[in-house]
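Read off the chains here:
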Amino acid sequence: MKLMIVKYPEPVLSQPGEPVTDFDAKLAKLAEDMFETMYAAQGIGLAAPQVAVSKRLTVIDLSQGKEPDKKIVLVNPEIIVREGRQYEEEGCLSIPEIREKVVRAAKVRVRAQDLKGKWFELDGDELLARAFQHEIDHLDGVLFIFRMSALKRDLALRRIRKMQREGTW
């Protein structure tokens, strides 16, 4: 089932997600619905707060559904290693029409649980590292616009306010 993606400044986007404690069919269904929603929006990652669910759950698929074995589900994730630096453009399904370069680690190691509650670790570099960091930021209540320079963030927020006034946001 396709879910509605909430937009900034929806309050759920700026608060940390609650840890997942129930690893049940409801959680698996939410992850499945999040993948469907993400694919429909042509994204590569989606965090539960973006669909108004304040839980520490995110889904990522760099193949955008073309390679089913590339689907990643992270429950209660945390970044345990960061290496290097990359400065690349990002966008966000909850902040459509705004794209800007932000600094992220070039490589990360993530520790998370799967849908059954089993802990695992996963390494990512370049785009996958950026996706891990972007989605885990969502789970911490941080949006990528707050990783921009103050000037670029101010310009982005002004643009959003203008679109809100015009009824296009």
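The coordinates are above.
Residues numbered from 1 in each chain as written. Predicted model: local features only at pLDDT ≥ 70, side-chain atom pairs only at ≥ 80, totals over all residues. Heavy atoms only, no water.

A. Highlighting the environment of Met163. When you line up the elements, Met163 lands in helix α3 (residues 150–166). Along the backbone, Met163 and Pro11 are 152 residues apart, and their C-alpha atoms lie at a distance of 18 Å. Beyond its immediate chain neighbours, meaning those up to four positions away, Met163 contacts Glu97, Thr168 and Trp169. (Helix = DSSP H or I, 4+ residues; strand = E, 2+ residues; numbered from the N terminus. Contact = heavy atoms within 4.5 Å.)

B. Focus on the pattern of salt bridges. Going through the model one piece at a time under the given rule, you end up with 12 salt bridges. One salt bridge connects Arg99 with Glu89, and the closest N-O pair in it is separated by 2.9 Å. Of the two residues, Arg99 is situated in the loop between β4 (86–90) and β5 (100–104) and Glu89 in strand β4; the sequence distance between them amounts to 10 residues. What makes Glu89 partly exposed here is its relative accessible area of 41%. The partner of Arg109 in a salt bridge is Asp123, with the nearest N and O atoms 2.7 Å apart. Here Arg109 is found in strand β6 (residues 107–113), whereas its partner Asp123 is found in strand β7 (residues 119–125), with 14 residues between them in sequence. (Salt bridge = Lys/Arg side-chain N within 4 Å of Asp/Glu carboxyl O. Buried < 20%, exposed > 50% of the residue type's maximum accessible area, 1.4 Å probe, protein only.)

C. A look at the layout of surface pockets. Of the volumes computed, that of the largest pocket is approximately 380 Å³. In this structure, the largest pocket is lined by 21 residues; those nearest its centre are Ile44, Glu90, Gly91, Cys92 and Arg99. Listed by contribution, the elements that provide at least two residues to the lining of the largest pocket are β4 and α2 (126–139). Tallying contributions element by element places α2 first for the lining of the largest pocket, with 5 residues. Considered as a void within the structure, the second largest pocket measures approximately 180 Å³ in volume. Val20, Thr21, Asp22, Asp24, Lys26, Leu27, Leu30, Val53 and Lys55 are the residues that line the second largest pocket. In the lining of the second largest pocket, the residues fall into 4 nonpolar, 1 polar and 4 charged. (1 Å grid on protein atoms, 1.4 Å probe; cavity = no way out; pocket = protein on both sides within 12 Å on 5 of 7 lines; lining within 4 Å. Points joined across faces, edges and corners; volume = space filled by probe spheres on them. Nonpolar A, V, L, I, M, F, W, Y, C, P; charged D, E, K, R; others polar.)

D. Examining the pairing of β6 more closely. Two strands pair when backbone bridges link them, and strand β3 (residues 72–83) and β6 are joined in this way by 6 bridges, in the antiparallel orientation. Looking at the pairing, Glu83 lines up with Lys107 of β6. Alignment of β6 against β7, held across 7 bridges, turns out to be antiparallel. Residue pairing across strands places Gln113 opposite Trp119, the latter belonging to β7. The turn linking β6 back onto β7 is made up of 5 residues, and Gly117 within it adopts a positive phi angle of 100°. (Pairing = 2+ DSSP bridges.)

E. Geometry of α3. Here α3 contains 17 residues, and its C-alpha end-to-end distance of 24 Å stays within 8% of the 24 Å for a straight helix at 1.5 Å per residue. Inspection of α3 places Ala156, Leu157, Ile160 and Met163 among the buried residues, and these make up the whole buried set. Along α3, the residues classed as buried sweep out an arc of 120° about the axis, all on the same side. For α3, the exposed residues lying more than 90 degrees away from the buried face are Ala150, Leu151, Arg158 and Arg165. Looking one or two places after α3, you find Gly167, whose phi comes out positive at around 80°. (Expected span 1.5 Å × (residues − 1). Arc of directions from axis to C-beta.)

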